[in-house]
Amino acid sequence: MAQEKPDGTLSFPMHPQKSAEMAEVMLKGLGVPQEQVDYICFLISEHDTDLRSKKSLKKRLERYGEKGIRDILTLKRADISAQAPAFTEEFLAMVTETEQTLAEILEEQAHPAITTKDLAITAKALMAIGIKGPEIGSAQRKMLAAVMAGTPNTAEELKKLL
């Protein structure tokens, strides 16, 4: 349900989640494979996520990988392009700024790791995906060895090693 803001524009609270729910029903009805349904619904549900702060972007990059973030930004651009022209330029500039911040983060992460603390995936992130106790250290050593051997120090590449 649309809500009018004090400036006269309309807001659609919870529309990403409701849109994802609607898309899931439609995609399943079309016979789209579940893996694709899940990914499309993920993108729809995340397309309004604020990624402008470097901290927020790093956190989501670790969780979703570079492809996930780039796909979310692509959907943001499409969504913004369908909105009122009065806001399009300002919002598209925010997406461009986020893309520049993403490039900075990826450049920082591309540098080889020297210790496990330099890895793009933290111990806390490993715990969040269910790795516990001594397995954390083993996973970190495995990732560090891979980075030193030439694997890019990005969350997306390191997750493939787990």
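Residues numbered from 1 in each chain as written. Predicted model: local features only at pLDDT ≥ 70, side-chain atom pairs only at ≥ 80, totals over all residues. Heavy atoms only, no water.

1. Here we look at the overall build of the protein
Working step 1: Helix and strand content of the protein: seven helices and two strands.
Working step 2: Helices and strands in the protein line up, N terminus first, as β-β-α-α-α-α-α-α-α.
Working step 3: For the protein, the spread of C-alpha atoms along the three principal axes comes to 55 × 35 × 25 Å.
Working step 4: A burial count over the protein gives 34% of its 162 residues as buried.
Working step 5: Counted over contacts in the protein with a minimum sequence separation of 6, partners at least 24 positions apart contribute 58%.
Working step 6: Taken as a whole, the protein presents about 10,300 Å² of accessible surface, with 58% of it coming from carbon and sulfur.
Working step 7: When the 21 positive and 24 negative side-chain charges of the protein are each reduced to one mean point, those points stand 7 Å apart. (Helix = DSSP H or I, 4+ residues; strand = E, 2+ residues; numbered from the N terminus. Buried < 20%, exposed > 50% of the residue type's maximum accessible area, 1.4 Å probe, protein only. Contact = heavy atoms within 4.5 Å. Areas by Shrake-Rupley, 256 points an atom, 1.4 Å probe, with all protein chains shown as cover. Lys, Arg positive; Asp, Glu negative; His and termini not counted. Charge placed at Lys NZ, Arg CZ, Asp CG, Glu CD.)

2. Digging into the pattern of salt bridges
Working step 1: Evaluation of the coordinates by the stated rule reveals six salt bridges.
Working step 2: The partner of Glu66 in a salt bridge is Arg70, and the shortest N-O contact between them spans 2.8 Å. In this pair, Glu66 and Arg70 both sit in helix H3 (residues 54-81), four residues apart, roughly one turn of the helix.
Working step 3: By relative accessible area, which is 38% here, Arg70 ends up partly exposed. (Salt bridge = Lys/Arg side-chain N within 4 Å of Asp/Glu carboxyl O.)

3. A look at the nonpolar core
Working step 1: By size, the foremost hydrophobic cluster in this structure holds 14 residues, and its most contacted members are Leu57, Leu61, Ile69, Ile72, Leu73 and Leu102.
Working step 2: It is H3 that contributes the most residues to this core, seven residues altogether.
Working step 3: Beyond its immediate stretch of four places on either side in the chain, Leu73 contacts Leu51, Val95, Thr98, Glu99 and Leu102. (Core = buried A, V, L, I, M, F, W, Y, C linked by side-chain atoms within 4.5 Å.)

4. Side note on the environment of Thr154
Working step 1: Looking at where Thr154 falls in the secondary structure, it is placed in the loop between helix H6 (134-148) and helix H7 (155-159).
Working step 2: For Thr154, a relative accessible area of 14% corresponds to the buried category.
Working step 3: Put simply, Thr154 and Leu119 are 35 residues apart on the chain and 7.8 Å apart in space, counted from C-alpha to C-alpha.
Working step 4: Here Thr154 is in contact with Gln109 and Ala120, once residues within four sequence places are set aside.

5. Structural notes on the packing of helix H2 (residues 34-46) against H3
Working step 1: Packing of H2 against H3 brings their axes to within 10 Å, and their N-to-C directions diverge by 80°. In terms of axis orientation, H2 runs roughly perpendicular to H3. Two secondary-structure elements touch here, H2 through Tyr39, Phe42, Leu43, Ile44 and Glu46 and H3 through Arg60, Tyr64, Lys67, Gly68, Asp71, Ile72 and Leu75.
Working step 2: Per-class residue counts for the contact of H2 with H3 are seven nonpolar, one polar and four charged. (Axes fitted to C-alpha atoms, helices over the stretch in contact; angles between N-to-C directions. Parallel < 35°, antiparallel > 145°, perpendicular 65-115°, else oblique. Nonpolar A, V, L, I, M, F, W, Y, C, P; charged D, E, K, R; others polar.)

6. Brief notes about H3
Working step 1: Spanning 28 residues, H3 covers only 24 Å between terminal C-alpha atoms, well under the ideal 40 Å at 1.5 Å per step.
Working step 2: The axis of H3 is deflected most strongly, by about 110°, at Gly65. (Expected span 1.5 Å × (residues − 1). Bend = angle between axes of the 7 residues up to and from the residue.)

7. Brief notes about the packing of helix H1 (residues 15-29) against H2
Working step 1: For the pair H1 and H2, interaxial distance at closest approach is 8 Å and the crossing angle is 160°. Taken together, the axes of H1 and H2 are roughly antiparallel relative to one another. The handedness of the crossing between H1 and H2 comes out as right-handed. Of the residues in H2, those touching H1 at Pro16, Gln17, Ser19, Ala20, Ala23, Glu24, Leu27 and Lys28 are Gln34, Val37, Ile40, Cys41, Ile44 and Ser45.
Working step 2: Split by residue class, the contact of H1 with H2 holds eight nonpolar, four polar and two charged. (Left-handed = near helix turned anticlockwise from the far one by under 90°.)

Keep in mind these values describe shape, not function.
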